[in-house]
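Okay, here's what each chain looks like letter by letter:
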Amino acid sequence: MEYRRLGKTNLKVSEIGFGGEWLGRMSANEVQAITDRASELGVNIVDCWMSDPAVRTMLGDAIARTGRDRWYVQGHVGSTWQGNQYVRTRDVEACKTAFDDLLTRFHTDYIDLGMIHYIDSMEEFERAFGGPYLDFVLDLKRQGVIKHIGMSTHSAVTGQAAIDSGVVEMLMFSVNPAYDMQPAGYNIESLASGAGAEFDGFDPGRLAFYRSAERNDIGLTVMKTFAGGRLLDGERSAFGVGLTPAQCIHYALTRPAVASVMLGFCNVAEVDADVAYETASEDERDYASVLANAPHNPTSGLCTYCGHCAPCTVGINIAQVNKFYDLAEVQVSGGNDVPPLVRNHYLSLEHTADECIGCGICEGNCPFGVSIIERMQQAAKLFG
């Protein structure tokens, strides 16, 4: 395992990190096995934005059994559990309750990287950074309860604002070629080498953000490395061609200021497969030659199942509905029936897509511009 300095935190973090996003569907034994294997292979940074007490307990117990001092923990301030679902908030009392819960379930009295949770608009940035919420985060830092302050965002604009604030030492940011590249034509070989076209194929705002992070010594950890798995599937990839995990990881790790990619392992085999990046050849890591011949360019509006659409007015787990819909739609579009297992998973949800009232709150929360109401209608029709 290779380790990189995470900006001005000076923490040496593993290039391959552990994102716990998929743990909610696992047993405690499965979570422990994944955590044990990751630690054995040298993974030393883990993200826990999830507020579900059951997930926190399983992951916290697993971390404690491998040794708390072997891990750098990214813990989020503002990710709360209310009414049996995730709620993002800046209410200080709710944040305090949720953060104390995180400490308890992780059997610790400190969090290495205290993350200002998910700010994607300047309006929310100004509310968070100009009120009692930020005072609470800074007080946690003064007390030593959090060792370093970070922020999670999918927006280069709010990411840059966080850098300019002087408050954060690192950022968690969504990085993959589908998010970075403009729909205009580009020479991917020039982009990969940094020569010739001066990165004409990149969104200029995101490129400026990466450069600013590097210039200001703000380390980046990465979410959405595989775009929710879409980049690995040629049928669903925004490029019309599938990439390998090694290619996606290499793309992220070659962006300026990036220290670690936080990957959502679903089983021990995936831990092994993703950590195999460390011994992959240059040819195996090469994403440029694949993208150079891609049938088309990336588009927006793709659900990555991140869950930030929550809370739902009627309690629908939108991310799960979207995941089951995508799994089923791939089969149906190929002329097959909805797989019984996928249908059973969908029907076992406490609230299903047909309950959507079209209020639109989820679409306002979505970082990627997904037409969620339309997708709920499509899922309700597909599953019947």
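Residues numbered from 1 in each chain as written. Predicted model: local features only at pLDDT ≥ 70, side-chain atom pairs only at ≥ 80, totals over all residues. Heavy atoms only, no water.

Let us look at the pattern of salt bridges. Scanning the entire structure with this criterion turns up 14 salt bridges. Among the ionic pairs, Glu40 bridges to Arg37, the shortest N-O distance being 2.9 Å. A residue pair is termed a helical-turn pair when its members lie 3 or 4 positions apart in one helix, as Glu40 and Arg37 do in helix 1 (residues 28–40) at three residues. Here Asp101 ties to Arg56 by a salt bridge, and the two come within 3.0 Å at their closest N and O atoms. Here Asp101 is found in helix 3 (residues 92–105), whereas its partner Arg56 is found in helix 2 (residues 53–66), with 45 residues between them in sequence. With a relative accessible area of 21%, Asp101 lands in the partly exposed category. Of the residues examined, Arg56 reaches a relative accessible area of 1% and is grouped as buried. Salt bridges here are not isolated pairs; linked through shared partners, they connect Arg37, Glu40 and Asp272. (Salt bridge = Lys/Arg side-chain N within 4 Å of Asp/Glu carboxyl O. Helix = DSSP H or I, 4+ residues; strand = E, 2+ residues; numbered from the N terminus. Buried < 20%, exposed > 50% of the residue type's maximum accessible area, 1.4 Å probe, protein only.)

A separate point is the environment of His117. Looking at where His117 falls in the secondary structure, it is placed in the loop between strand 8 (111–116) and helix 4 (122–129). We classify His117 as buried; its relative accessible area is 0%. Sequence spacing of His117 and Ala128 is 11 residues, and the spatial spacing of their C-alpha atoms is 9.8 Å. Aside from chain neighbours lying at most four places away, what touches His117 is Trp49, His76, Val77, Gly78, Ser79, Tyr86, Arg88, Arg90, Tyr133, Ser152 and His308. A polar contact is formed between the side chain of His117 and the side chain of His76, at a distance of 2.9 Å. Separated by 2.8 Å, the side chains of His117 and Tyr86 make a polar contact. (Contact = heavy atoms within 4.5 Å. Polar contact = N/O pair within 3.5 Å; in protein donor to acceptor, adjacent residues only side chain to side chain.)

Here we take up the layout of surface pockets. For the largest pocket, the calculated volume is near 860 Å³. Residue lining of the largest pocket: 29 residues in total, with Asp52, Trp81, Tyr86, Asn317 and Gln320 positioned closest to the centre. Listing elements by their share of the lining of the largest pocket, those giving two or more residues are strand 7 (85–88) and helix 14 (318–333). For the lining of the largest pocket, a count of residues per class yields 14 nonpolar, 11 polar and four charged. By volume, the second largest pocket amounts to about 690 Å³. Sorting the residues of the lining of the second largest pocket by element identifies strand 12 (258–263), helix 11 (268–275) and helix 14 as the ones contributing at least two each. Grouping the amino acids of the lining of the second largest pocket by side-chain chemistry returns 15 nonpolar, 11 polar and eight charged. (1 Å grid on protein atoms, 1.4 Å probe; cavity = no way out; pocket = protein on both sides within 12 Å on 5 of 7 lines; lining within 4 Å. Points joined across faces, edges and corners; volume = space filled by probe spheres on them. Nonpolar A, V, L, I, M, F, W, Y, C, P; charged D, E, K, R; others polar.)

Helix 3 packs onto helix 2 with a crossing angle of 35 degrees between their chain directions and a minimal axis gap of 8 Å. Each of Pro53, Arg56, Thr57, Gly60 and Asp61 in helix 2 lies in contact with helix 3, whose residues at this interface are Ala98, Asp101, Leu102 and Arg105. (Axes fitted to C-alpha atoms, helices over the stretch in contact; angles between N-to-C directions.)

We now examine the pairing of strand 9 (residues 146–153). With seven of eight residues buried, strand 9 is to be regarded as a mostly interior element. Here five bridges tie strand 8 to strand 9, and the two strands are oriented parallel to one another. From the neighbouring strand, Gly114 faces strand 9, where its bridge partner is Ile149. Two strands pair when backbone bridges link them, and strand 9 and strand 10 (residues 170–174) are joined in this way by four bridges, in the parallel orientation. Paired with Thr153 across the two strands is Phe173, which belongs to strand 10. The parallel pair strand 9 and strand 10 is bridged by helix 6 (residues 156–165), and the resulting crossover is right-handed. (Pairing = 2+ DSSP bridges. Right-handed = clockwise from strand over helix to strand, strands pointing away.)

Take the side chain of His250 next. Looking at the secondary structure, you find His250 in helix 10 (residues 245–253). Judged by relative accessible area, which is 15%, His250 ranks as buried. In terms of polar contacts, His250 uses its side chain to reach the side chain of Tyr277, at 2.7 Å. Contacts of His250, omitting those with residues within four sequence positions, involve Tyr277, Arg285 and Tyr287.

This brings us to helix 1. When the terminal C-alpha atoms of helix 1 are compared, their 18 Å separation across 13 residues agrees well with the 18 Å that a helix rising 1.5 Å per residue should span. Every buried residue of helix 1 is listed here: Val31, Gln32, Ile34, Thr35, Ala38 and Ser39. The arc enclosing the buried residues of helix 1, seen along the axis, measures out at 165 degrees, which places them on a common side. Turned more than 90 degrees away from the buried face of helix 1 sit Asn29 and Glu40, all of them exposed. The first or second residue beyond helix 1 is Gly42, which carries a positive phi of 100 degrees. (Expected span 1.5 Å × (residues − 1). Arc of directions from axis to C-beta.)

In terms of nonpolar packing, the biggest core is built from 111 residues, with Phe18, Leu59, Phe99, Ile116, Phe129, Leu171 and Phe383 touching the most fellow members. Other than its neighbours up to four places away in sequence, Leu59 contacts Phe18, Leu23, Val31, Thr35, Val46, Asp47, Cys48, Met50 and Phe106. Formed by 11 residues, the second largest nonpolar core is a distinct cluster that contains Ile45, Met170, Met172 and Ala259. (Core = buried A, V, L, I, M, F, W, Y, C linked by side-chain atoms within 4.5 Å.)

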